Amino acid sequence: MIRTVVCAFSKDELPEGDIAVFRRFEHVMQKAGWDIRVRLEPLESLPETYDVLVVSPALRERAEKLETDALLIVTTRATAGASADQLLRELERGDPIAATKRDPNAPKIVKRRGYEVL
């Protein structure tokens, strides 16, 4: 069951292409109505639990060395749309991965820190 997608970058730099990949995956998952959280995290300090890891080709070797059961997706800014659509097709099919749909009638919870919506 997929609950979290992590778009990883290197702590040394955060290229704009990695941000674009993150925003594309975040938008696609939200628009499709899946109950999947998309996070942007450094590869050096990934969260304890995640199901899909999205990295750029430059970080592929480092990501493959991680001891994890997460699905690894290697993509660039140019191919992020196709990669996100492929993940959606696999989720819709339910094989080999699955996720739950977000309840459309559930109240939207908004957290704020000062003026900024989290």
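(A) Highlighting the packing of aromatic side chains. In total, this model carries 0 aromatic pairs according to the counting rule given. One Lys or Arg, Lys101, reaches over the ring of Trp34 and ends 4.4 Å from the middle of that ring.

(B) Representation of the pattern of salt bridges within the structure. Within the structure shown, the criterion is met by 5 salt bridges. A salt bridge links Glu16 to Arg77; the shortest N-O distance between them is 3.0 Å. A residue pair is termed long-range when its members are at least 10 positions apart, and Glu16 in helix H1 (residues 16-32) and Arg77 in the loop between strand E4 (71-74) and helix H3 (80-93) qualify at 61 residues. The burial state of Glu16 is the same as that of Arg77; both residues are exposed. Between Glu64 and Arg60 there is a salt bridge, with the nearest N and O atoms lying 3.1 Å from each other. Taken together, the residues span about one helical turn, with Glu64 and Arg60 both in helix H2 (residues 60-64) at a distance of 4 residues. Residue class for Glu64 comes out partly exposed when judged on its relative accessible area of 46%. Overall, Arg60 belongs to the partly exposed group, its relative accessible area being 41%.

(C) Inspection of the pairing of strand E2 (residues 37-42) at higher detail. Sheet topology note: the strand E1 (residues 4-9)/E2 ladder contains 6 bridges and is parallel. Each residue of the ladder has a partner; that of Cys7, found in E2, is Leu40. Of the crossover connections in this fold, the one passing from E1 over H1 to the parallel E2 is right-handed.

(D) Layout of the environment of Leu88. Along the chain, Leu88 turns up in helix H3. What makes Leu88 buried here is its relative accessible area of 15%.

(E) Highlighting the nonpolar core. Within the largest apolar cluster, 21 residues are counted, with the highest numbers of intra-cluster contacts made by Val5, Phe25, Met29, Ile36, Val54, Leu87 and Leu91. Every residue in contact with Val54, bar those within four places of it in the chain, is listed here: Val5, Val6, Cys7, Ala8, Val21, Phe25, Ile73 and Thr75. Judged by nonpolar contacts, the second largest core, of 10 residues, contains Ala8, Leu53, Val55 and Leu59.

(F) The sheet that holds E1, seen in detail. The strand order E2-E1-E3-E4 describes an open sheet built from 4 strands, whose pairing is parallel. In this open sheet, the two edge strands, each paired with only one partner strand, are E2 and E4. Averaged over all pairs of adjacent strands, the angle between strand axes in this sheet comes to 25 degrees, irrespective of strand direction. Running over the sheet, H1 touches E1, E2, strand E3 (52-55) and E4 and is turned about 165 degrees from E2.

(G) H1, seen in detail. An ideal rise of 1.5 Å per residue puts 24 Å on 17 residues; H1 measures up with 24 Å between its terminal C-alpha atoms. Buried positions along H1 lie against E1, E2, E3, E4 and H3. In the segment just after H1, Gly33 is the residue with positive phi, at about 85 degrees.

Cut-offs used in this document
- Residues numbered from 1 in each chain as written.
- Predicted model: local features only at pLDDT ≥ 70, side-chain atom pairs only at ≥ 80, totals over all residues.
- Heavy atoms only, no water.
- Phe/Tyr/Trp six-rings, centres within 6.5 Å; stacked < 30°, edge-to-face > 60°.
- Lys NZ or Arg CZ within 6 Å of the ring centre and 35° of its normal.
- Salt bridge = Lys/Arg side-chain N within 4 Å of Asp/Glu carboxyl O.
- Helix = DSSP H or I, 4+ residues; strand = E, 2+ residues; numbered from the N terminus.
- Buried < 20%, exposed > 50% of the residue type's maximum accessible area, 1.4 Å probe, protein only.
- Pairing = 2+ DSSP bridges.
- Right-handed = clockwise from strand over helix to strand, strands pointing away.
- Core = buried A, V, L, I, M, F, W, Y, C linked by side-chain atoms within 4.5 Å.
- Contact = heavy atoms within 4.5 Å.
- Axes fitted to C-alpha atoms, helices over the stretch in contact; angles between N-to-C directions.
- Expected span 1.5 Å × (residues − 1).

Keep in mind these values describe shape, not function.
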